[in-house]
Amino acid sequence: MSYVRPAFRHPESKTNAEGFTRQDYEGALSTLCAGCGHDSVSSGIVDACFELGVWPHRVAKISGIGCSSKTPTYFLGKSHGFNSVHGRMPSVATGANMANGEMAYIGISGDGDSASIGLGQFGHVARRNLNMVYIVENNGCYGLTKGQDSATTDVGSKSKKGDPNPFEAIDLCAMALQLGATFVARSFSGDKEQLVPLIKAAMTHNGFAFIDVISPCVTFNNTPASSKGYEFVRDHIEATGKMDFVPVRSEITANYEPGFTKEITLHYGSVIHLYKDDKLDCTDRGSAMRAIQEHNDKGRILTGLLYVDPDSKDFHKVQQTVKQPLRDLDEEDLCPGARALNAINGSLR
Amino acid sequence: MKRIESVNEFVIRFANVNGTGSASANAMFAKSIFRMGIPVSPKNIFPSNIQGLPTWYEVRVSEKGYLGRRGGVDIAVSVNPQSMAQDIGDLNPGGYFIYDNTKPLDLRLHRDDVHLIGLPLTDICREEYTESRQRQLFKNVIYVGALAALIDIEFSVLKELVDEQFKGKEKLVASNIHALELGYQYALKNFECPIGVRLERRDAVGDKIIMEGNDALALGAVYGGATVVAWYPLTPSTSVVESFEKYAKRLRIDPGSGDRRYCVAQAEDELAAIGMVIGAGWNGARSFTASSGPGLSLMAEFLGLAYFAEVPAVLFDIQRAGPSTGMPTRTQQSDILAAAYASHGDTKHVLLIPSDPKECFEMSADSFDLADRLQTPVIVMSDLDLGMNDNMCDPLVWDEEREYDRGKVLSKEELENMSERYGRYLDVDGDGICYRTLPGTHPDKGAFFTRGTSRNEYAVYTEFGEAYVRNMERLAAKFETAKTLMPKPEIRRAKKPTSDGIIYYGSSNSASLEALDMLEADGLHLNAMRLRAFPFAQEVVDFIDQHERIVVIDQNRDAQMRKLLIIECEVDPKKLLSYTHYDGMPMTALGAASHIAKLFGSSNVTPLRKKKAGEKA
Ligand SMILES: Cc1ncc(C[n+]2csc(CCOP(=O)(O)OP(=O)(O)O)c2C)c(N)n1
Ligand code: SF4
Ligand SMILES: [Mg+2]
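The structure displayed is predicted, hence computed values, not measured ones.

So, how was this worked out
Residues numbered from 1 in each chain as written. Chains lettered and ligands numbered in written order. Predicted model: local features only at pLDDT ≥ 70, side-chain atom pairs only at ≥ 80, totals over all residues. Heavy atoms only, no water. Salt bridge = Lys/Arg side-chain N within 4 Å of Asp/Glu carboxyl O. Helix = DSSP H or I, 4+ residues; strand = E, 2+ residues; numbered from the N terminus. Buried < 20%, exposed > 50% of the residue type's maximum accessible area, 1.4 Å probe, protein only. Near = heavy atom within 4 Å. Nonpolar A, V, L, I, M, F, W, Y, C, P; charged D, E, K, R; others polar. Donors = N, O, S within 2.8 Å, 3.2 Å for Na, K, Ca; no water. Pairing = 2+ DSSP bridges. Axes fitted to C-alpha atoms, helices over the stretch in contact; angles between N-to-C directions. Contact = heavy atoms within 4.5 Å. Buried area = accessible area lost by both parts, 1.4 Å probe. Polar contact = N/O pair within 3.5 Å; in protein donor to acceptor, adjacent residues only side chain to side chain. Areas by Shrake-Rupley, 256 points an atom, 1.4 Å probe, with all protein chains shown as cover. Right-handed = clockwise from strand over helix to strand, strands pointing away.

**Student:** What's the story with the pattern of salt bridges in this structure? I'm lost.
**Tutor:** For side chains of opposite charge, pairing can occur when their charged atoms come near one another. Residues and elements named next belong to chain A. Throughout the structure, instances matching the rule amount to 55 salt bridges over all chains. One salt bridge in this structure joins E51 and K200, with 2.8 Å as the shortest N-O distance. Separated by 149 residues along the polypeptide, E51 in helix α1 (residues 37-52) and K200 in helix α7 (residues 192-204) bring together distant segments of the chain. For K200, a relative accessible area of 11% corresponds to the buried category.

**Student:** Please explain the site of ligand 2 as it appears in this structure.
**Tutor:** Around ligand 2, the surrounding shell consists of A:L32, A:C33, A:C36, A:H38, A:C67, A:N139, A:C217, A:V218, A:T219 and A:F220. Among the residues making up the shell around ligand 2, the classes are represented as seven nonpolar, three polar and no charged.

**Student:** Looking at this structure, I do not really get the coordination of the magnesium ion (ligand 3). What am I missing?
**Tutor:** For a metal with four tetrahedral donors the ideal donor-metal-donor angle is 109.5 degrees, while six octahedral donors give ideal angles of 90 or 180 degrees. Residues and elements named next belong to chain A. Coordination of the magnesium ion (ligand 3) by the protein comes from D111 (OD), N139 (OD1) and C141 (O), over a distance range of 2.0 to 2.2 Å. Mapped onto the sequence, the donors of the magnesium ion (ligand 3) take the spacing D-x27-N-x1-C. Accessibility assignment for this pair places N139 and C141 in one class, buried.

**Student:** Looking at this structure, I do not really get the sheet that holds strand β9 (residues 237-239) of chain A. What am I missing?
**Tutor:** Through backbone hydrogen bonds, the strands of a sheet pair up, either in parallel or in antiparallel fashion. The mixed open sheet is built from nine strands, whose spatial order is β9(A)-β13(A)-β7(A)-β8(A)-β4(A)-β3(A)-β1(A)-β2(A)-β17(B). The open sheet terminates on both sides in strands that have one partner only, identified here as β9 of chain A together with β17 (449-451) of chain B. Neighbouring strand axes in the sheet, compared pairwise and without regard to direction, differ in orientation by 20 degrees on average. In this sheet, strand β8 (residues 208-214) of chain A lies alongside strand β4 (residues 132-138) of chain A in parallel orientation, the contact comprising seven bridges. For A:N138, the partnering residue across the bridge sits in β8(A) and is A:I214. Against the sheet, α1(A) makes contact with β3 (104-110), β4 and β8 of chain A, and its axis sits at roughly 155 degrees relative to β4(A), the strand it touches most.

**Student:** Could you clarify how one ought to interpret the environment of A:L76 in this entry?
**Tutor:** Its location among the elements puts A:L76 in the loop between α2 (67-70) and β2 (80-83). Placed 30 residues apart in sequence, A:L76 and A:V46 show a C-alpha to C-alpha distance of 6.9 Å.

**Student:** What's the story with the side chain of A:T182 in this structure? I'm lost.
**Tutor:** Residue and element names in this part refer to chain A. Mapped onto the fold, T182 is located in the loop between α6 (172-179) and β7 (183-188). On the accessibility criterion, T182 (5% relative accessible area) is buried. Excluding residues that lie within four positions of it along the chain, T182 makes contacts with N129, H205, G207, F208, R285, Y307, V308, D309 and S312.

**Student:** Please clarify how the interface of chain B and chain A should be interpreted in this entry.
**Tutor:** When the parts come together, some accessible area is lost, and that loss is often what is quoted as the size of the interface. Taken together, the contact pairs 70 residues of chain B with 56 residues of chain A. Across the chain B to chain A interface the summed buried area is about 5200 Å²; carbon plus sulfur atoms make up 62%. Our enumeration of links across chain B and chain A arrives at two salt bridges. Viewed at the interface, chain A and chain B are joined by 27 residue pairs in polar contact (both at pLDDT 80 or more). If you tally residues by element for the side of chain B that touches chain A, the top one is helix α9 (residues 270-282) of chain B, at eight residues.

**Student:** Sorry, what's going on with the site of ligand 1 here?
**Tutor:** As a structural note, the neighbourhood of ligand 1 is formed by 17 residues, with A:S68, A:D111, A:G112, A:D113 and A:G143 the closest of them. Near ligand 1, the surrounding residues belong to chains A and B. Between ligand 1 and A:S68, the relevant distance is 2.7 Å, taken from an oxygen atom to a side-chain nitrogen or oxygen of the residue. With respect to ligand 1, the side chain of A:N139 contributes an N or O atom lying 3.0 Å from an oxygen atom. Taken by itself ligand 1 offers 590 Å² of open surface, and the protein chains cover 77% of this.

**Student:** Just to check I follow, could you spell out the pairing of β7(A) for this structure?
**Tutor:** All names here are of chain A. Most of β7 sits inside the fold, with six of its six residues counted as buried. Burial along β7 is two-sided: the face carrying F183, A185 and S187 and the face carrying V184, R186 and F188 are both buried. As judged from the six bridges shared by β7 and β8, these two strands associate in the parallel manner. Each bridged residue has a counterpart across the sheet, and for S187 the counterpart in β8 is V213. Taking the sense of rotation as the criterion, the β-α-β connection linking β7, α7 and β8 turns out right-handed. Here β7 runs beside strand β13 (residues 301-308); their pairing, made up of four bridges, is antiparallel.

Below you can see the structure in the form of C-alpha cells.
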C-alpha cells in the first residue's frame, strides 16, 4: 500500500474556497503495489480537484479494466464511479455525458486499455470532442495481467521478462492530436509539479482533454532497459515551457511570475500562462505534432501542455442539446401527448 | 382455361429491379386498397444491394382481415426480365401474368394455365418521355394505372394519393396522374376489364392505421421518454433510429431555444453504442440502441455488465436471417437464445416480443419503464418482416395520465433523511430490486462504485464467495419479480375442447391465426398462445401444463423458442413439437397449416401444393 490516508482529520487542515479539505477528495486505500506510478496520478487528481475547489459529488469517474482502471476507487470517494469493461470506458463516459452535460467526467485508462483493445473508442471519443478529462496511466505494459508488452512499449524496450519489444509504439498524444482532441498533454507520474496544473487546466477545458501520463509499473516494467521505467524517464524527459494555471476566481489577485509571455483563456475564464517556448506554439496543432516527432527522433520524451484549442465546441454544443441535463427532463418535456398521437394516427391512414 | 375469380381476396406480386423507383408506385398501390376499406398487407422482398438486383413486393389483399402471407400468387406484375421465369413459374394455375410485352415473351416461359396480359410499358414510355430516368420512373406509375382498370382500383383514390404525395408540386401531380391515365386507358382499350380478380370498396378497415414496426418502435421511444440514442447502422434496424430522429425533430425541440431535447450519437460500432446506452442509463437518462443479430453478438460483453452491475438499458433487436451476415435483408426470429442469454456467466435478459406496430409502440414505451424498474437491459425482439413492412393495426393510443416509472431511484431529500447506511445492493424490499442513486445527487450521501466485479451489499469490491453467491441469488430473485411485470401471453381457446395447442410469437401472429382458422375449418381444433415476453409468466407454464401436445412455431432452424420453453419451464421435451420456417421469407398460413396438421396426425387437411425450401416439419 503506497497511498496511506491519515486516519484522523487534522483540526488545522486547510480548506479550499468551497470549504472542502483535501481529505474530502480522497478515496479508499489503494491496493496497488507500493511505488506504482498510478498512485501518484491519483494523488495528483486529488490535489488538482482540491485546489480547483470542485464539488466532489459533481464529478463522475469512469474507467476500463487494468491496474490503472482500478484507481478511481482511490480518489474522490464522494463521487460516483463506474469501473466498466476493458477498453470501453470512452463509450460509457460518452453516454454518461450525453445524459448530463453539467457534471465533470474523469476517465481513467491504461495503455493496454486505450492503445490496444480500446484504440477504436479512444479515437472516436477524441474526434467527438466529448467534454471530459481522459487520463492514460501509461506504463508500457499490461500490469494487471502480469507484464506483457503493450502497444505503447517502445521498440527495443525490455520489461522484466527480458525480451526486447520488436514492434513500433503507438504515441497516444500524436494520435489524439491527429484525431481532433482539443487539449493534449503529456506528463510523468513522478513530476507532480507539472502534473497537477495540467490536470487542473484539463478539468477547466471545455472539450476533450487528454493527458498521457507516463506512470511506471514497478513490478513488471521498471528495469533500466525499459523506456517506461523511472530511471529512463528521468534521464530522457524534457518539458515544454513551464505552465501556470490560474483558475477563474483568482485571476484578479494572481501574481504573475515575470517571464510568462503567452496567455490562453479557457472556456470559463480560467487562464493558462506559459513561458515563451522556443519552438512549440501550444495553440497550433501542427507545431505540437512536429515537436513530438522531433523529440521522439532524438530519443527524448516531451512533456507538458502540447496543444489547446480554447474555443473548442464540445459534443453537446455540436449536437445542439438543451442546456438542462437530458436526464432531468420529465414527461412534460418529453412526451408529446395523446393529441399529437392522434394526428400521427391520421397521417397513417 | 381456369380463371381465378375472387373479390377482395388475393395475392399480387410485383417483380422489379431495385433502384428503379418502383417502391413508391407499389406503396401507392397498397395504400389505395387500404383507402378503399379493404385490409391489405404488403411485404417488401429486397436484396442486400442498392441498385440492379431483383426485388419483389408481395401484397396480400384480404377482406376477411388475414394479414400474414397466404402462400401462392394470383397476379404477377413482371417488370424485371431477370426474374421472369421464376415469376411466371410461381403463379397459381388460373392466375394472371402482367408483363411488359414491348419484347415478345420468351416462348420457353409460356404456360398454358395462366392468363397473359401484355402491357407495352417500355414502348409507351419511349413515346411519352425523353429522359431515361423519367422513362424508368413512370413505367411503374403506368402499370399501377393499368391495374386500376384491370382490378377496379378507384381512380379517384389514386388521384387523392398522388395529390397528398406531391402536395404543392403541381407539375409532379399532373405528370403522375397523366402516367396513371396512360396505363388505365391502355388496359381499358385492350382487355376485358375487370379481370376475374378484383376489388370492391368495403368498410373493413375501420380506424386502423398502417405503419412499419420500426417507425412504431421509434415513436414509442419518443413517447416513453428516451433522450439518449446511440447506434451503428445495420439493416434492418437502421430505420428505427432514422425514424426516431424524424419524430424528435418535430416533437422534441425546445420551443424557446430551438435546442434538442434528445441526443443521438452514431457510434463507431455496436460495442460503443451499447456502452453509451449503459453510460446514459447509469447516469439516469432513458436511452436505447437499435441493432440486429451481428450487433447483438458484439454487445454481449456489455450486456453482461449491465445485467450484473444493474444498469437500465433498452435494445431493439430487429432480427434478420443469420448466422453471420446470413441473408441480411431477409427475416427470421433467430436471435431468441442469443438475446435471452446474451453474455458470459449466468446472465438472463428481459425480452419483449411485439407482433404488430401498435404493440411495437406500446412495448417500446414500456421497455423504458421496465428497464428502470428492474435496473437491467430490456431487449425488444422485432424482426425485418414486422420492422420494415407496412403492417395494418389498431390506432396507437397514449394515456394522458401515464407517468414514467423511473423505478427505485433515491432523491436528494430521501438521501438526506436516510438514517441508516446506504447500500446500493441491499434488498430492502425483498423483491430483489435495490435502490440506486444517480451521480451528482447529494454532496456526501449515496455515492457508490459501479463495477462488473463482485461486490457486497454496500457496493464494496469483494472476492468473498458467500457475498458473491448472495448477490447472484438476489439477481435470480429479481428475475422472479420480473416475471410478474411481464406482459401476459395472449391465449385463444378453440371452439371445441381440446388437449392440443400451438404456441407462436412475434411476426408469426397473422399467419398463425389464419392457419388456426384453416385447421378449424378442416376439423382440427387447437388452443393457441402467443408469447409476448421472457421471462415467461406463470400463465405460460399453466398453458403448457394444460395440454398434452403443443406445436411451437419458430421462424428459425433450431426451434429456439421451443428450447427456451423447455429450459425455463422445465417441460418434457416430447410434449413440445416443432414447426420451423426459416427460408428468410415470412412464413405462410398454408405452410403452417399443412405442417401443423401433419404433426398432429390429421390427414383431412388440404396439403400444400409445393414444398418450399426451408419449410419442414
Ligand atoms: C475482454 C477482456 N480481455 C482481457 C482482459 C484481461 N485484462 C485485464 S487488464 C488487461 C490489461 C491492462 O493493461 P493496461 O490497460 O495497460 O493497465 P495496467 O494494468 O497496465 O495499468 C487485460 C488484458 C479483460 N479484462 N477483458
Ligand atoms: S502491477 Fe504494475 S501497474 Fe499494477 S499495481 Fe503493480 S506496479 Fe502498478
Ligand atoms: Mg499498462
